Amino acid sequence: LKWFIFRLGDNTMRGWILYFKNQDHVGEKDHGVSRLLEVAKQRGIDLKVYRPEQFELVVTRGDRKSILVDGKPTPVPDFLIPRMGSSTPYFALAIIRQLERLGVYVCNSSVTIETVKDKLHMHQLLAHSNLPTPKTMLLKFPVDIEVVKREIGFPVVVKNITGTEGNGIYLCQSEDKFTDLMELIYSNNASANIILQEFIATSSGRDLRVFIVGGKIIGCMQRIAKTGFKANYSRGGTVEKFVLTPDAEWLATEAARLVNLDIAGIDLLFGENGYKVCEANSSPGFKGLEQVMGRNIAEQIIDYITIKVNGNIGTN
C-alpha cells in the first residue's frame, strides 16, 4: 500500500512539528515554530506541534502503521519538522525514525540530526572531505596537558560534544585556567564527552550564519557579540546582512550537502587564510535572519516542504 492512502479524508496537507512544547504552550519566544505555524495557516496546511512525551510507539510485524498520540491511534501526517536540534533526545529520534519508516517526509532526517548533534563526528566528516575547520581534539581524562599544548595550544575553546545557542562553550585563555576547568569537570563527571578546539582569533566575537534550504542559500548574516567571543544572536549579539563570497557559498553548501541537511544553519569563522566551518545546525533559528532580510524564511521552508511532499506522493 502506498503511504498517501493514510492521509485523512480530504486533500488538506498535514504536518507535525516535534518540539519541546506542545501547541498550546508555543509563544513569542518560540519564534521559529510560531512563524512556521503562521505560514502553514496562510497556505492552508494543517500543522500541529507535539512534544515527544505525547507519543507512544508500537513496533510490531502485524501493524507497521502503529503510532499513538496522547494514547490514541493517529493517522500519520504528510511531513514532520523536528525542531529540537542538538538537544534531540533518544526518544524523539525514535519517533522520527518510526515516522520515516511509515513513509512520512521528515525535514531533517533522523540520521542527519544524529550526525550533526555530535560535534566531533561532524568535524570528522568535514575533515575527511578536506573542508577547512578549526583543529579539533576529543578530550580524555586524565588530561595530558603537554599533548593539548602541542596539538591545540592556548587560548583553547572547550565544548560539550552536544550543545546549541552557545551553551556549553568556554574559552580558556591560559594553561592554568584550563587545568582548573578540567579538574572541575573531572570531579563532577569523569566520563564527560568534551572536545577542544583551536581558537580562531581573527573571528573572535563574530561569525557568519548561512541559512540553507534544499541546498540553496536563502540568507546570510554576520553575528557580532555584545561581549566575549560568542556571537550567537540568542545570547544578545547583533546581526547584520552579509554578502557571501563564492568560496564561502561553496563551503557552506558543501558542508550541508555532506550530511544531507534539507534545512541547515552553517556557521563560518573568519580565518586568517579564508573561512572555516565552525558548526552545522539541523534546527537553526531564523529570528535574526528575518530581522535583517525580511520575514520570508519560514515561507521558503514551508514552500520547500510542500514541493518535497507533492513530489513524494505515489513514489514510495
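Structural data are supplied above this passage.
Worth saying up front: this structure is predicted, and the values here are computed from it rather than measured. (Residues numbered from 1 in each chain as written. Predicted model: local features only at pLDDT ≥ 70, side-chain atom pairs only at ≥ 80, totals over all residues. Heavy atoms only, no water.)

Student: Explanation requested: the overall build of the protein in the structure shown.
Tutor: A count of helices and strands for the protein gives 9 helices and 16 strands. Here the protein holds 316 residues, and the buried ones make up 50% of them. Nonlocal contacts in the protein, meaning residues at least 24 apart in sequence, comprise 68% of its contacts between residues at least 6 apart. Surface summary for the protein: the accessible area is close to 15600 Å², and the carbon and sulfur share equals 49%. (Helix = DSSP H or I, 4+ residues; strand = E, 2+ residues; numbered from the N terminus. Buried < 20%, exposed > 50% of the residue type's maximum accessible area, 1.4 Å probe, protein only. Contact = heavy atoms within 4.5 Å. Areas by Shrake-Rupley, 256 points an atom, 1.4 Å probe, with all protein chains shown as cover.)

Student: I would appreciate a short explanation of unusual backbone geometry in the present structure.
Tutor: Among all residues except glycine, the phi angle is most often negative; among peptide bonds, the trans geometry is most common. Of note, the bond from Cys107 into Asn108 is cis; its omega dihedral lies within 30 degrees of zero at 15 degrees. On the secondary structure map, Asn108 appears in the loop between strand S7 (105–106) and helix H3 (110–117). Of note, the bond from Phe154 into Pro155 is cis; its omega dihedral lies within 30 degrees of zero at 0 degrees. In this structure, Pro155 sits in the loop between helix H5 (145–151) and strand S9 (156–160).

Student: Before we go on, may I ask you to explain the sheet that holds strand S3 (residues 55–57) in this structure?
Tutor: The 3 strands are arranged S3-S4-S5 in an open sheet whose pairing can be described as antiparallel. For this open sheet the edge positions go to S3 and strand S5 (72–73), each flanked by a neighbour on one side alone. When S3 meets strand S4 (residues 67–69), the two strands line up antiparallel, connected through 3 bridges. Each residue of the ladder has a partner; that of Phe55, found in S4, is Val69. Contacting S3 and S4, helix H2 (residues 90–101) crosses the sheet at an angle of about 65 degrees to S3. (Pairing = 2+ DSSP bridges. Axes fitted to C-alpha atoms, helices over the stretch in contact; angles between N-to-C directions.)

Student: How should I be thinking about the packing of aromatic side chains in this particular structure?
Tutor: Under the counting rule described, the total for this entry stands at 9 aromatic pairs. Here the aromatic rings of Phe242 and Phe270 are separated by 6.0 Å at their centres, their planes lie at 70 degrees, and the arrangement is edge-to-face. Of this pair, Phe242 sits in the loop between strand S14 (238–241) and helix H7 (246–258) while Phe270 sits in strand S15 (residues 263–271), and the two are 28 residues apart along the sequence. An aromatic cluster is defined as three or more aromatic residues linked by ring pairs; in this entry it consists of Trp16, Tyr50 and Phe55. Over the ring of Phe270 we find Arg206, and its NZ or CZ is 3.9 Å from the ring centre. (Phe/Tyr/Trp six-rings, centres within 6.5 Å; stacked < 30°, edge-to-face > 60°. Lys NZ or Arg CZ within 6 Å of the ring centre and 35° of its normal.)

Student: I keep staring at the packing of H3 against helix H4 (residues 119–128) and nothing clicks. Help me out?
Tutor: Between two packed helices, both the angle of their axes relative to each other and the distance between the axes serve to describe the pair. Contact pair H3 / H4: the axes reach a minimum separation of 5 Å and the direction vectors enclose 95 degrees. With respect to H4, the element H3 is oriented roughly perpendicular. From H3, Thr115, Val116 and Lys117 reach across to H4, where they touch Lys119, His121, Met122 and Leu125. Considering only residue class, the contact of H3 with H4 consists of 3 nonpolar, 2 polar and 2 charged. (Parallel < 35°, antiparallel > 145°, perpendicular 65-115°, else oblique. Nonpolar A, V, L, I, M, F, W, Y, C, P; charged D, E, K, R; others polar.)

Student: How should the sheet that holds strand S16 (residues 274–281) be read in this particular structure?
Tutor: Within a sheet, adjacent strands bond to each other through the backbone by hydrogen bonds, running parallel or antiparallel. Pairing in this open sheet of 5 strands is antiparallel, and the strands run S14-S13-S12-S15-S16 from one edge to the other. Two strands close off the open sheet at either side, each with one partner strand: S14 and S16. For this sheet, the mean angle separating the axes of adjacent strands, direction not counted, is 30 degrees. Here strand S12 (residues 206–213) runs beside S15; their pairing, made up of 6 bridges, is antiparallel. Residue Phe211 lies in a different strand from S15, and its bridge partner there is Gly265. Across the sheet, H7 lies against S12, strand S13 (216–224), S15 and S16, angled at about 135 degrees from S15, the strand it touches most.

Student: Which parts of the structure should I look at to understand the environment of Gly274?
Tutor: Here Gly274 lies in strand S16. The class of Gly274 is partly exposed, set by a relative accessible area of 31%. With 142 residues separating them along the chain, Gly274 and Pro132 place their C-alpha atoms 8.6 Å apart.

Student: When you look at the nonpolar core in this model, what are you seeing that I'm missing?
Tutor: What tends to happen in soluble globular proteins is that the nonpolar side chains get buried as a cluster. By size, the foremost hydrophobic cluster in this structure holds 31 residues, and its most contacted members are Ile17, Leu36, Phe79, Phe211, Phe286, Ile301 and Ile305. Among the elements of the structure, helix H1 (31–42), strand S2 (46–50), strand S6 (79–82), S12, S13 and helix H9 (297–312) are those that each provide at least two residues to this core. Excluding anything up to four places from it in sequence, Ile301 contacts Leu36, Phe211, Val213, Ile263 and Phe286. (Core = buried A, V, L, I, M, F, W, Y, C linked by side-chain atoms within 4.5 Å.)

Student: What am I meant to see in the side chain of Gln222 here?
Tutor: Along the chain, Gln222 falls in strand S13. Gln222 sits in the buried class, given a relative accessible area of 8%. Leaving out residues up to four positions away in the same chain, Gln222 has contacts with Arg206, Asp207, Leu208, Thr238, Val239, Glu240, Phe242 and Phe270.

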